[in-house]
Amino acid sequence: DLHLTYEANRRAVERVLPHPDDWLMIAGDVGEKEEHLRFALSIFTQRFKQVIWTPGNHDLWTLPTEADGLRGAALYDRLVEICHEYGVLTPEDPYPLWTHQGATYRIAPLFTLYDYSFRPAHLTAEAALEWAAEADIICLDEYLLHPDPHLSRIAWCHQRCQLTEARLSALPGTTPLVLVNHWPLLRDLVVLPNIPRFSLWCGTRLTADWHLRFPAAVVVYGHLHIRGTYYRNGVRFEEVSLGHPRGWNQDQPLEHYMRLILPGIGLKSR
């Protein structure tokens, strides 16, 4: 979550050092404008061997000030097109293989969205939105993230999950996977002490068993802006957000906040 709306975050990206042998995974929320994505990719593709991108909710916002006004799937397709201009891999590309010292992994960037199912069991989606509003919590997605041509964000989420699940199911062999998604795949990873009802916009229960059904070695995600390493069923989960300037020490270089995914093991925590 680079959030390049902020000057401090842009400066950090500009100062990143060359890592010519490394791949970089960007787990969404580069920014709200096409220029933010181009800014990031123009730098990272020169300093990393390969860049992999998946969208976050901010990337999919249609700002009232944007002239072309692309919305929903058309906006997503445009972002994929920009990535391809820079040679960056996206959820629409074949999942690449990464090999290091004889060990091979498959990197799978995902795009799943959310469907408000990270809510109390007794509430419908509509009632859950009212429940969040009672705590003065409303995600700007409700105004800026449009599902066109789908009828709703829920419908778009379910279409994306169905498509992605089919692709993962069709993968050959048992090569271990690195799943890269903006939204957490598991409800219990969404721990937001200050805004717990924001969980509605944090994922879908449709992905709850993906780390078990598919040979996942690591799951990479962002969105929460609470960096951490967690284990579930023996699978490592890495929350990799940089976040807003208040969420990181600007005296530290961006490298300090990059997470080593492979090879290596994270810090084990509950």
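Rules of the game
- Residues numbered from 1 in each chain as written.
- Predicted model: local features only at pLDDT ≥ 70, side-chain atom pairs only at ≥ 80, totals over all residues.
- Heavy atoms only, no water.
- Patch = residues over 30% accessible without salt bridge, like charges linked within 9 Å, V, L, I, M, F, W, Y side chains within 5 Å.
- Areas by Shrake-Rupley, 256 points an atom, 1.4 Å probe, with all protein chains shown as cover.
- Salt bridge = Lys/Arg side-chain N within 4 Å of Asp/Glu carboxyl O.
- Helix = DSSP H or I, 4+ residues; strand = E, 2+ residues; numbered from the N terminus.
- Disulfide = S-S within 2.5 Å.
- Buried < 20%, exposed > 50% of the residue type's maximum accessible area, 1.4 Å probe, protein only.
- Core = buried A, V, L, I, M, F, W, Y, C linked by side-chain atoms within 4.5 Å.
- Contact = heavy atoms within 4.5 Å.
- Pairing = 2+ DSSP bridges.
- Expected span 1.5 Å × (residues − 1).
- Arc of directions from axis to C-beta.
- Axes fitted to C-alpha atoms, helices over the stretch in contact; angles between N-to-C directions.
- Parallel < 35°, antiparallel > 145°, perpendicular 65-115°, else oblique.
- Left-handed = near helix turned anticlockwise from the far one by under 90°.
- Nonpolar A, V, L, I, M, F, W, Y, C, P; charged D, E, K, R; others polar.

Peer 1: I'm lost on a nonpolar patch on the surface in this one. Help?
Peer 2: Taken together, the side chains of Ile-138, Leu-140 and Tyr-143 define a hydrophobic patch exposed on the protein surface, amounting to about 320 Å² of accessible area. For Ile-138, the position within the fold is in the loop between helix H4 (125–134) and helix H5 (141–144).

Peer 1: Help me out: how do you make sense of the state of the cysteines in this one?
Peer 2: Between two cysteines, a covalent bond joining their sulfur atoms is known as a disulfide. As enumerated under the stated definition, the model contains zero disulfides in all. Looking at the unpaired Cys-139, the closest cysteine sulfur is the one in Cys-202, lying at 8.2 Å. Look at Cys-139 and you get buried, because its relative accessible area is 5%.

Peer 1: Help me understand the nonpolar core, please; the structure alone is not making it clear to me.
Peer 2: Generally speaking, nonpolar side chains in soluble globular proteins are found buried as a group. Core analysis: the biggest nonpolar cluster contains 74 residues, and Ile-26, Phe-44, Trp-53, Leu-113, Leu-179 and Trp-201 have the highest contact counts within it. It is helix H3 (residues 72–85) that contributes the most residues to this core, seven residues altogether. Ignoring sequence-local partners within four residues, the contact set of Trp-201 consists of Tyr-114, Tyr-116, Leu-129, Ala-132, Ile-137, Ile-138, Cys-139, Glu-142, Trp-183 and His-223. If you look at the next biggest cluster of nonpolar residues, it comprises 12 residues, including Ile-52, Leu-89, Val-218 and Leu-262.

Peer 1: Please explain the pairing of strand S3 (residues 97–100) as it appears in this structure.
Peer 2: Along any regular strand the residues' side chains alternate between the sheet's two faces. As judged from the four bridges shared by S3 and strand S4 (residues 103–109), these two strands associate in the antiparallel manner. Note on S4: the bridge partner recorded for Leu-97 is Arg-106. Taken together, S3 and the strand that follows it, S4, pair antiparallel across an intervening segment of two residues, in which Gln-101 is found at a positive phi of about 50 degrees.

Peer 1: Help me understand the pairing of strand S7 (residues 228–232), please; the structure alone is not making it clear to me.
Peer 2: By the criterion of burial, S7 is predominantly enclosed, with four of the five residues buried. Joining the antiparallel neighbours S7 and strand S8 (residues 235–239) is a turn of two residues, in which Asn-233 adopts a positive phi near 55 degrees.

Peer 1: Explain helix H6 (residues 153–169) here, please?
Peer 2: Because the α-helix completes a turn every 3.6 residues, residues three or four places apart line up on one side. In this model, H6 (17 residues) spans 24 Å end to end at C-alpha, consistent with the 24 Å of a helix rising 1.5 Å per residue. For H6, every residue scored as buried is listed here: Arg-153, Trp-156, Cys-157, Arg-160, Cys-161, Thr-164 and Leu-168. Viewed along the axis of H6, the buried residues span an arc of 130 degrees, placing them on a single side of the element. Those residues of H6 hidden inside the fold are in contact with H3, S4, H5, strand S5 (177–180) and helix H7 (210–213).

Peer 1: I would appreciate a short explanation of the sheet that holds S4 in the present structure.
Peer 2: Strand pairs in the sheet, formed through backbone hydrogen bonds, run parallel or antiparallel to each other. Within the open sheet, the six strands sit side by side as S3-S4-S5-S6-S8-S7. Their pairing is mixed. Two strands lie at the open edges of the sheet, namely S3 and S7, each paired on one side alone. Neighbouring strand axes in the sheet, compared pairwise and without regard to direction, differ in orientation by 20 degrees on average.

Peer 1: Would you mind showing me how to read the packing of helix H2 (residues 34–47) against H3 here?
Peer 2: When two helices pack together, their arrangement is given by the angle between their axes and by how far apart the axes lie. In the contact formed by H2 and H3, the axes pass within 10 Å of each other and the chain directions differ by 25 degrees. Relative to H3, the element H2 lies roughly parallel. Here the hand of the crossing between H2 and H3 comes out right-handed. In contact with Glu-34, Leu-37, Arg-38 and Leu-41 of H2, H3 contributes Arg-78, Leu-79, Ile-82, Cys-83 and Glu-85. Counted by class, the contact of H2 with H3 contains five nonpolar, no polar and four charged residues.

Peer 1: Hey, could you run me through unusual backbone geometry in this one?
Peer 2: Glycine aside, residues mostly have negative phi, and peptide bonds are mostly found in the trans state. Residue Pro-149 is bonded to the preceding Asp-148 through a cis peptide linkage, with omega at 0 degrees. Here Pro-149 shows up in the loop between H5 and H6. In this chain, Leu-262 is followed by Pro-263 through a cis amide linkage whose omega measures -20 degrees. Although it is not a glycine, Asp-136 adopts a positive phi angle of roughly 60 degrees. Position of Asp-136 among the secondary structure elements: in the loop between H4 and H5.

Peer 1: For this particular structure, what's the right way to read H3?
Peer 2: For H3, built from 14 residues, the straight-helix expectation of 20 Å at 1.5 Å per residue is met to within 8% by its first-to-last C-alpha distance of 20 Å. Where H3 is concerned, the buried positions are Gly-72, Ala-73, Leu-75, Tyr-76, Leu-79, Val-80, Ile-82 and Cys-83. The inward-facing, buried residues of H3 contact H2, strand S2 (48–53) and H6. Within two residues after H3, Gly-87 carries a phi angle of roughly 75 degrees, on the positive side.

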